[in-house]
Amino acid sequence: MTANIDDQPAEQFALQVSGLGKEYRSRLRGNNWALRECTFGLSAGKVVALVGANGAGKTTLLSILAGLLSPSEGVVRLGGARQEPNRIAFVAQEKPLYRHFSVRDMLKVGQRLNRVWDDERAKRWLRRFDIPLDRPCGRLSGGQQAHVSFAIAVGSRPSVLLLDEPLSNLDPLARRDVTQELLGEVADTGLTVLLSTHVVAELGGVADHLLLLSRGTLLVDSDADDLLTEHVYYVGPRATEPPCQGEIVKASHSTSQSSFLVRVGPTDAPASVAAPWTTRPVSLEDLVIAYLESDRAGVAVAA
Amino acid sequence: MTAATAPGASAGVTLSAPPRRKPKVGFGDLVALTVRQQRMALILTALAYVLFGLLVVLSKGRVTLGDWQFDPKTFAPAFAGLIAVFWGAPLLATEYEQRTHLLVWSQDVSAMRWLIAKLALLGGAVVVLAGLLDLVVGLQSADRYITGYSQFNPVAAFGEVGYETWPPLALAYAVFGFFLGVAVGAVCRRIVAAMGFTLVGFVVIRTLINIELRPWLLAHLITPVRAAWPMASWGTSSPNAPAVPGPNDYTVNIQLWLGKSGQVLDFPTACEPVTGDKAIAQCMINNGVVSEATDYQPYARLHVFQSVELGIYLVLIIACVWLAVWSVRRLRSS
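Just so it is clear, the model here is predicted, and its values are computed rather than measured.

Criteria and thresholds
Residues numbered from 1 in each chain as written. Chains lettered and ligands numbered in written order. Predicted model: local features only at pLDDT ≥ 70, side-chain atom pairs only at ≥ 80, totals over all residues. Contact = placed C-beta atoms within 7 Å. Helix = DSSP H or I, 4+ residues; strand = E, 2+ residues; numbered from the N terminus. Nonpolar A, V, L, I, M, F, W, Y, C, P; charged D, E, K, R; others polar. Pairing = 2+ DSSP bridges. pLDDT = per-residue confidence, 0-100. Axes fitted to C-alpha atoms, helices over the stretch in contact; angles between N-to-C directions. Core = buried A, V, L, I, M, F, W, Y, C linked by C-beta atoms within 7 Å. Buried ≥ 20, exposed ≤ 12 C-beta atoms within 10 Å, placed from the backbone.

### Some words on the interface of chain B and chain A
Now for step 1: On the chain A side, the residues contacting the 35 residues of chain B number 42 residues.
Now for step 2: At the level of secondary structure, the elements contributing two or more residues to the side of chain B that touches chain A comprise β1 (20-21), α1 (27-37), α4 (100-105) and α11 (302-333) of chain B.
Now for step 3: Of the residues assigned to the side of chain B that touches chain A, the class counts are 16 nonpolar, 10 polar and nine charged.
Now for step 4: The pairing of strand β6 (residues 116-117) of chain A with β1(B) spans two bridges and is classified as antiparallel.

### With respect to the confidence of the model for chain B
All names here are of chain B.
Now for step 1: Summary statistics for chain B give a mean pLDDT of 86 and a share of 88% for residues scoring 70 or more.
Now for step 2: This stretch, residues 1-13, has a pLDDT under 50; its non-local contacts, to residues over four places away or in other chains, come to 24 contacts.
Now for step 3: Across residues 143-148, where pLDDT falls below 50, the model places seven contacts with residues more than four positions away in sequence or in other chains.
Now for step 4: Scored by ipTM, the complex comes to 0.86, with pTM at 0.87.

### Quick look at the sheet that holds strand β11 (residues 231-237) of chain A
All names here are of chain A.
Now for step 1: Ordered by their spatial adjacency, four strands build an open sheet running β12-β13-β11-β14, and the pairing between neighbours is antiparallel. At either end of the open sheet lies a strand with only one pairing partner, and these are β12 (247-253) and β14 (278-280). Across the sheet, the mean angle separating the axes of adjacent strands is 25° when strand polarity is ignored.
Now for step 2: By the bridge criterion, six bridges tie β12 to strand β13 (residues 257-263) in an arrangement that is antiparallel.

### Structural notes on the nonpolar core
Now for step 1: Ranked by size, the top nonpolar core spans 150 residues in total, and within it A:Met106, A:Leu162, A:Val193, B:Val126, B:Ala174, B:Phe178 and B:Val182 carry the most contacts.
Now for step 2: Counting residues per element, this core draws most heavily on helix α8 (residues 167-188) of chain B, at 15 residues.
Now for step 3: In this view, B:Val182 contacts B:Gly88, B:Leu91, B:Leu92, B:Leu119, B:Cys320 and B:Ala324; residues no more than four positions away in its chain are not counted.

### Section: the confidence of the model for chain A
Now for step 1: When pLDDT is averaged along chain A, the result is 86, and 91% of the positions lie at 70 or above.
Now for step 2: The spread of mean pLDDT over the elements of chain A runs between helix α7 (residues 284-297) of chain A, the lowest at 83, and helix α2 (residues 103-112) of chain A, the highest at 97.

### Some details on the sheet that holds strand β2 (residues 32-43) of chain A
Residues and elements named next belong to chain A.
Now for step 1: With respect to topology, three strands assemble into an open sheet ordered β2-β1-β4, the strand pairing being antiparallel. Here the strands that pair on one side only, and so sit at the sheet edges, are β2 and β4 (73-78). Each strand of the sheet is rotated relative to its neighbour by a mean of 15°, with strand direction disregarded.
Now for step 2: Taken together, the eight bridges between strand β1 (residues 13-24) and β2 define a ladder with antiparallel strand orientation. Residue Phe13 lies in a different strand from β2, and its bridge partner there is Ser43.

### Overview of the pairing of β1(A)
Here is the key point about a regular strand: its side chains alternate between the two faces of the sheet.
Now for step 1: The sheet contact formed by β1(A) and β4(A) spans five bridges and is antiparallel. Residue pairing for β4(A): A:Val17 is matched across the bridge by A:Val76.

### Describing the environment of A:Glu37
Residue and element names in this part refer to chain A.
Now for step 1: Following the sequence through the fold, Glu37 ends up in strand β2.
Now for step 2: Here the alpha-carbon distance between Glu37 and Glu23, two residues 14 residues apart in the chain, equals 11 Å.
Now for step 3: Apart from residues lying up to four places away in sequence, Glu37 is in contact with Gly19, Gly21 and Thr217.

Right, here's the structure in full:
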C-alpha cells in the first residue's frame with residue numbers, strides 16, 4: 001500500500017505526513033517557512049488536537065492536508081483499512097457557507113460535490129442541534145452556521161475530518177455538545193478527527209493525541225495519556241534544579257518556592273520524590289500552556 | 001479514550017437512506033451548483049436582454065421621450081459592461097470574500113474543474129444572451145431608419161454604432177467584459193472593489209481602443225484609397241465628380257493638396273490672404289498644387305478592420321482567462 005513509518009503498517013494510520021514543509025515566497029517580505037519538516041501519523045479512529053500559538057502554522061498544515069494548499073516539500077498519505085475510499089473533509093475556521101442558500105440547499109451542495117454523501121447523517125446532526133432546514137444560511141447565528149458546516153463535513157463520510165478552530169463560534173454548552181457528537185461519530189464510524197483549537201481547557205477527555213506546533217515545527221507529537229504520565233509537576237523549596245532527572249519544560253521561582261514541570265522518561269518513577277518536594281497532577285491544559293510559554297520564552301525544548 | 005455514549009447515533013433504526021455514491025463529481029453537478037448560485041443574476045439579466053431586444057425591434061431605431069430622440073441601438077454596448085460588472089467581477093470575488101472557495105475546494109472536486117465548469121457555463125450563457133441581442137441589433141440595417149445620415153453618423157458603417165454592432169464584434173465585447181470581470185475579481189478578491197475596477201477597466205480599454213487604436217489602424221493597417229480632383233475644376237461643383245468617399249466609407253484625410261508628381265504639399269502660405277474660390281484655386285495652381293485629394297477606406301474593407309479588432313479582443317479574452325486560471329492555481333501554491 002504505502003511506505004511504512006516507525007515500523008508500523010500504514011493501515012494503522014488514517015493519515016501519514018512525512019517531511020511536510022511550506023515556504024511562502026514573497027519578494028517584499030522575503031521567504032518564510034510557515035511549516036518545516038513535519039512528520040507524524042494519525043491513527044485511525046482517534047481525536048487529535050493540534051495546538052500552537054497564533055501563527056504557529058496550524059492553518060497552513062490543515063490547508064495542506066485539506067488539499068487547499070500545495071506543500072513546498074514532503075508528502076501526505078491517506079491510509080486506513082476502511083471499506084470506503086479514504087477521503088478528507090475540512091471545515092475552515094470561518095465556517096463558510098453560501099449566505100443566500102437555505103440549509104437544505106447547502107446540504108445539496110455537499111451531495112453534489114462529494115463522491116459519497118450520507119444525507120441522513122448530515123440531517124441527523126442538524127436535527128440534534130435544532131437547525132431549521134429552510135432558513136437561508138446568512139440568517140443563522142454563528143453557532144448555527146458552524147453546525148451546518150459540520151453537518152456537510154460529516155455527511156460526506158470522510159475517513160479524516162479536519163476542523164480548524166471548530167469551537168470558536170460556540171457557547172460553552174454547545175462546545176461540549178459538539179465534542180460529544182464528534183466523539184459519537186468517531187465511535188460509530190472509525191472517523192479520525194484532527195482539530196486545531198485555542199480552547200485548551202476542553203481538550204481533556206476529548207483528545208487522544210496531541211500535536212503541538214511552534215513556529216512551523218512540530219514540538220510535541222504524543223498520545224495524551226502518555227503525555228500525562230510522562231510529565232510531573234514538582235513544587236518545593238527554592239532551588240535551581242528539580243529533584244529528579246528529566247527535561248525541564250517550565251520552571252518558575254518565587255522568593256521561597258520553586259516549581260518545575262519536568263518531562264520524565266516513561267521508565268522513571270515520578271511519584272518517588274523525597275520531602276519537602278511534592279508532586280502535583282498535570283492536566284493537558286497545563287502541559288500545552290507550559291510548552292507554549294516555554295517556547296515563547298525561547299527555552300530550548302526538544303520534542 | 002473515546003466517549004462511552006454516542007448521543008446522535010443512539011437514535012436507532014430509522015428509515016435511513018443508504019449513502020449515495022458516484023464515481024466522481026460530474027460536470028452536471030458543478031453546472032447545477034453554478035445555476036443555483038447565479039439564479040437571480042441569470043434571470044434578471046436574461047429579462048433585461050429580452051426587454052432591450054424588444055425595444056430595439058419595436059422602436060424601429062427611434063425612441064422619443066419628450067424632446068429627446070434616440071436610437072436604442074446606441075445603448076447595446078452598455079450590456080457588455082453590465083455583464084462585466086454584475087456577472088464577471090463577483091464570480092470569484094464573492095467566493096474569496098465570503099471564503100466559500102475553501103468550502104468548495106475541500107470537497108471531492110478540484111478547484112480547476114470547478115473554475116472551468118463555472119467559466120464554461122456562464123461564458124456560454126453570455127454568448128447565447130449577447131449573441132441573440134447582437135443578431136437582433138445587427139440585423140437592423142443602418143440606412144433603414146435613419147435618414148439624412150452622413151459618414152459622421154454613429155450608425156454609418158464605420159460610425160461607432162455601425163462599426164460595433166457587427167455581431168461577432170459585439171459578442172466579443174460582451175465575452176471580453178465577462179472574462180475581464182472574472183480576472184479582476186480573481187486578483188482583487190473583494191466584491192465591490194472588483195466591480196468598480198472592472199467597470200473602470202472595461203470603459204478605459206474600450207475607449208482607448210475606440211478613440212486611439214481603431215483610428216490608427218484605419219489609417220495605417222491598409223493603405224487608404226486616394227481620390228484626387230484636378231485643381232482646375234476646384235470651386236465648380238461638377239456633377240461628374242465621383243461621390244467618394246461615400247457615407248459608408250471611412251475618411252482618413254478629408255483634404256490633401258498634391259503636387260505634380262503626386263506628393264503631398266502644405267497649403268501654400270502665399271495663398272492665405274487670397275479670397276474668393278477661384279482666386280484661391282488659381283493661386284494654388286501657381287504655387288504648384290495640381291490636385292486636391294481625399295484618403296479613405298472604402299466600405300468593402302469594413303469587415304477586415306472589424307476582424308482585426310475582433311482578433312485583438314480575442315487575445316484580451318485569452319489573457320483574462322489565463323489570468324483567472326493562473327490566480328486560482330497560485331492561490332493553491334502560495
